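In case you want the letters, here they are:
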Amino acid sequence: MAMTLTATAGASKKDIGALMRAQSGDEDAIPEVRQIMERLPELAAEIAEMGRVAELKLVEATAGENYLFAEAMQARAAQLRESIAGPDATPLEALLVARVVLSWMDACCVDVRYAQVVKDGFAWEQLREYSRWQDRAHRRFLTACKALAQVRRLLKPILAQVNIAAGPQMNVAELGNTLAEME
Amino acid sequence: MNGTRVREYIGSGPLAELIAQGDEAERQERLESAVARRQDVAELRAEIADVEEPLVLFRGNVSLLAAGALLCAGYRQHDRGEWRKRNGDDSHGNSGSE
């Protein structure tokens, strides 16, 4: 994961340092990371606000004074966030979903700009810049999807399919929790 | 011509002067247009950076929180790629880097 971050109001430089140390294998930093994670909802709210700022900037850069397009983009983003996150999303999951949607918007916006440039006439140098932006945006989108899938897979209870002899096939949600309750 | 400078002798006299002036004006125009293109590209890069900066910052912060949550859940990132459960339990190990 990229760890070149600036400190935010909620996450101090010390917090970031602890996270980076823990990630590079320093076990002494883990208790500090646990303390940081206790503030997860607060940190998530703050980071979500950063996401909204990024979204507004992106919309403004793409839609310009076309307010209908701007509204439509934001409405679609909200709709996607809701449908991908689902009703039981944790704060971290909601953030990861917001990142997926923002990256998707980024990739779409670059595509729109690229198409405009091609339509209106272009200089090769400009097209090359747009093309590089497009590559970066698509990479960011794929990474965001992967990160969401990874966290869902590793941190959420496992969904398993169980076949019971000759009976009907049934899906057992949260198998881990169910088994724990049975014990 | 094709990126190579070519000298062409056109003699002397008023007609040659006129042709030389025309060539000079054309050269100047090409230079100005190249400078303008470079400026356009620099402006475009600045505009793109302005849009991308908050996106990258947001992405970085989300990654940081996700890493913290995974670390607290007992996972460790192996060589900046795979996240594996410690104590040999890597049954839910996930490939791919962030």
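What counts, and at which threshold
- Residues numbered from 1 in each chain as written.
- Chains lettered and ligands numbered in written order.
- Predicted model: local features only at pLDDT ≥ 70, side-chain atom pairs only at ≥ 80, totals over all residues.
- Helix = DSSP H or I, 4+ residues; strand = E, 2+ residues; numbered from the N terminus.
- Buried ≥ 20, exposed ≤ 12 C-beta atoms within 10 Å, placed from the backbone.
- Contact = placed C-beta atoms within 7 Å.
- pLDDT = per-residue confidence, 0-100.
- Core = buried A, V, L, I, M, F, W, Y, C linked by C-beta atoms within 7 Å.
- Domains from an automatic or database assignment.
- Axes fitted to C-alpha atoms, helices over the stretch in contact; angles between N-to-C directions.
- Parallel < 35°, antiparallel > 145°, perpendicular 65-115°, else oblique.
- Left-handed = near helix turned anticlockwise from the far one by under 90°.
- Arc of directions from axis to C-beta.
- Expected span 1.5 Å × (residues − 1).
- Pairing = 2+ DSSP bridges.

Participant: With reference to specific residues and values, describe the overall build of chain A.
Facilitator: Helix and strand counts for chain A stand at 7 helices and 2 strands. The buried share of chain A, taken over its 183 residues, is 26%. The contacts of chain A with a sequence gap of at least 6 include a subset with a gap of at least 24, amounting to 48%.

Participant: Give me the lowdown on the overall build of chain B, citing residues and values where you can.
Facilitator: For chain B, the helix and strand inventory stands at 1 helix and 2 strands. Walking chain B from its N terminus toward its C terminus, one meets helices and strands in the order α-β-β.

Participant: Lay out the interface of chain B and chain A with the relevant residues and their values.
Facilitator: Contacts between the two partners involve 33 residues from chain B and, on the opposite side, 47 residues from chain A. Broken down by secondary-structure element, the contributors of at least two residues to the side of chain B that touches chain A are α1 (14–72) and β1 (75–78) of chain B. The element contributing the most residues to the side of chain B that touches chain A is α1(B), with 25 residues.

Participant: Requested: an account of the confidence of the model for chain B, with residues and values cited.
Facilitator: All names here are of chain B. When pLDDT is averaged along chain B, the result is 81; 87% of the residues meet or exceed 70. Mean pLDDT values over the elements of chain B span from 81, in β1, up to 88, in α1. Here residues 89–98 is a poorly scored stretch, pLDDT under 50, and it has 25 contacts once near neighbours within four places are set aside; other chains count. Two numbers describe this predicted complex: its pTM, 0.72, and its ipTM, 0.74.

Participant: Summarise the nonpolar core; cite the residues concerned and give the values.
Facilitator: Most often, soluble globular proteins keep nonpolar side chains buried together rather than apart. One finds L19(A), I47(A), L92(A), L95(A), L96(A), L65(B) and A66(B) to be the most contacted residues of the largest nonpolar core, which totals 47 residues. Where this core is concerned, the elements lending two or more residues are α1 (13–23), α2 (30–38), α3 (40–63), α5 (91–120) and α6 (124–155) of chain A together with α1 of chain B. Counting contributing residues, this core receives three or more from each of domain 1 (1–38) and domain 2 (40–156) of chain A. Contacts of L65(B), omitting those with residues within four sequence positions, involve L40(A), L43(A), A44(A), I47(A), L92(A) and L95(A).

Participant: Which residues make up the packing of α2(A) against α1(B), and what are the values?
Facilitator: The N-to-C vectors of α2(A) and α1(B) enclose an angle of 120 degrees; their axes lie 9 Å apart at closest approach. Between α2(A) and α1(B), the interaxial angle falls into the category oblique. When you trace α2(A) past α1(B), the crossing you get is left-handed. Of the residues in α1(B), those in contact with I30(A), V33(A), R34(A), I36(A) and M37(A) of α2(A) are G68(B), A69(B), L71(B) and C72(B).

Participant: How would you sum up the packing of α5(A) against α6(A)? Please name residues and give values.
Facilitator: If you want to describe how two helices pack, look at the angle between their axes and the distance between the axes. Residue and element names in this part refer to chain A. Two elements in contact, α5 and α6, have axes separated by 8 Å at closest approach and are oriented at 160 degrees. Between α5 and α6, the angle falls in the class roughly antiparallel. With respect to the hand of their crossing, α5 and α6 are arranged in left-handed fashion.

Participant: Just give me the short version of the confidence of the model for chain A, but keep the residues and values in it.
Facilitator: Across chain A, the average pLDDT comes to 81, with 79% of residues at or above 70. Taken together, the stretch residues 1–5 of chain A has pLDDT below 50 and engages in 12 contacts with residues farther than four places along the chain or on a different chain.

Participant: Tell me about α1(A), residues and numbers included.
Facilitator: Listed in full, the buried residues belonging to α1(A) are D15(A), I16(A), A18(A), L19(A), A22(A) and Q23(A). One side of α1(A) holds all its buried residues, which, seen down the axis, span an arc of 160 degrees. Turned more than 90 degrees away from the buried face of α1(A) sit K13(A) and K14(A), all of them exposed. Residues of α1(A) that are buried sit in contact with α2 of chain A together with α1 and β1 of chain B. Just downstream of α1(A) lies G25(A), where phi reads positive at about 105 degrees.

Participant: Hey, could you go over α6(A) for me, with residue numbers and the actual values?
Facilitator: For α6(A), spanning 32 residues, the distance from its first C-alpha to its last is 46 Å, which sits close to the expected 46 Å at 1.5 Å a residue. Residues Y130(A), W133(A), A137(A), R140(A), F141(A), T143(A), A144(A), A147(A), L148(A), Q150(A) and V151(A) constitute the buried set of α6(A). Where the residues of α6(A) are buried, they touch α5 of chain A together with α1 and β2 (82–85) of chain B.

Participant: Describe the environment of Q150(A), listing the residues and the values that go with them.
Facilitator: Residue position: Q150(A) is located in helix α6. Sequence separation between Q150(A) and A48(A) is 102 residues, and the spatial gap between their C-alpha atoms is 20 Å.

Participant: Residue-level account of the pairing of β2(B), with values.
Facilitator: Here β1(B) pairs with β2(B) via 4 bridges, running antiparallel. Bridging from a neighbouring strand, Y75(B) pairs with K85(B) of β2(B).

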